[in-house]
Amino acid sequence: MEEGRIKSASSCSTSRTRERGSSGISVSGTKASAFCQNESLDQPPRYGAQRHSSAESAQMEVYIMALLPCSMSSLTISNREVGITSFLSGCRPMLFIDACFLIDLYGGSCLSTVTHNANDQLFPLAYVIVSSENYEDWLWFMQNLKEIITGKQIVLVTDRNVSLLRTVMELFGEECNAWCVRHVKKNFSKFANSRGMRGNPKKTTLDLFTKIAYARDHLLYGVYLTKLFTLKPKLAKWVDENGPQHWSNALFPYPGWDKLYTNITKSFNNWILKLREMDIIQFMKGHVIITIDMLFRHKMEVTKWHPLPGGCNIDKMIKESQKKSQGFTGRVASLIEFIV
């Protein structure tokens, strides 16, 4: 399938295909079909155009339907609703977006968006298999992503891929556009090297950068930036000129829960590592299987939360915060605010 691609959205593997050629694989709603037209039998199938029997197509439909919380006869319920509803009702309003290469015979890339669930664990919301990380493919993916979040205010965390960044700015605007702190820090480190920073002085500048990124308010942000300016003015200028409103807690306009980095997308890429060696149909089948397994395990874990109001991971984070807060003093600033 020349230039063709398979598009898959939601953790339930709902897929669509935009066809430029005459062959491909498409999944629409709860129906799956595989077809291959105008392909010579004595030539190997091109990108995404593997031949699959009608039995495999039927099996694919069963795999997709397996995710639905209803009987197989309930075909009126979209298989996308499970992942979307779970995200909107039980996850932080943050999406982490990334891509990884596929390493099978046909190549291509898997664009994905994931988030943290109520227990701070990986929750895969949507993925798409495309030919490359170009603007057109990112735009298609992000348009569909915007459609499914139904107007909810979302923070989008990216590694600043040029095509991805362009689509985020066009579709979601600038304010919700968060940049991965880890990638920004890497660029900051390279700039520090170019200014002759080595050894302990460089370690101090990197520590100050981290404090600038995670400062809780404008006051602390200013304190750490001033210290950096005292140490090396050009480094402070670099921070000021490289969009701190996109990666610093103090300046970012929406809650970030100290998660302005894309580490969780790497977890997703590792989670699908074995699938990346498979063709598209096998990839989708495998993704459904491991997603069902993960969701079932998480559901079983929820039964152990009682009497906690949240998961054990969240409880651990609360205890760590309580430990760090020992010795703090506070005063009432208003009916709903305290200054610590």
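Up top you'll find the structure we're talking about.
The structure reproduced in this document is the subject of the present report. Note that the structure is predicted; figures quoted are calculated from it, not measured.

### Things to note about the pairing of strand 6 (residues 109-116)
Extensive coverage of strand 6 is indicated by the burial of eight of its eight residues. Residues Ser109, Leu111, Thr113 and Thr115 of strand 6 are buried on one face, and the alternating residues Cys110, Ser112, Val114 and His116, pointing to the opposite face, are buried as well. Across six bridges, the pairing between strand 5 (residues 94-101) and strand 6 is antiparallel. From the neighbouring strand, Phe96 faces strand 6, where its bridge partner is Val114. Relative to strand 7 (residues 122-130), strand 6 runs antiparallel, the two sharing eight bridges. Bridge pairing links Val114 to Pro124 in strand 7.

### Thoughts on unusual backbone geometry
A negative phi holds for most residues other than glycine; trans holds for most peptide bonds. Positive phi outside glycine occurs at Asp120, with the angle close to 65 degrees. Residue position: Asp120 is located in the loop between strand 6 and strand 7. Even without being a glycine, Arg160 presents a positive backbone phi close to 70 degrees. With respect to the element layout, Arg160 can be found in the loop between strand 8 (155-158) and helix 4 (162-172). On the accessibility criterion, Arg160 (24% relative accessible area) is partly exposed.

### Examining helix 6 (residues 199-214)
Along an α-helix, a turn takes 3.6 residues, which lines up residues three or four apart on a common side. Along its 16 residues, helix 6 runs 23 Å from first to last C-alpha, staying within 8% of the 22 Å computed at 1.5 Å per residue. Restricting attention to buried positions, one finds in helix 6 the residues Lys202, Thr205, Leu206, Leu208, Phe209, Ile212 and Ala213. What you see down the axis of helix 6 is that its buried residues fit within an arc of 160 degrees, all on one side. Turned more than 90 degrees from where helix 6 packs its buried face, Asn200 and Lys203 sit exposed.

The rules we used
- Residues numbered from 1 in each chain as written.
- Predicted model: local features only at pLDDT ≥ 70, side-chain atom pairs only at ≥ 80, totals over all residues.
- Heavy atoms only, no water.
- Buried < 20%, exposed > 50% of the residue type's maximum accessible area, 1.4 Å probe, protein only.
- Helix = DSSP H or I, 4+ residues; strand = E, 2+ residues; numbered from the N terminus.
- Pairing = 2+ DSSP bridges.
- Expected span 1.5 Å × (residues − 1).
- Arc of directions from axis to C-beta.

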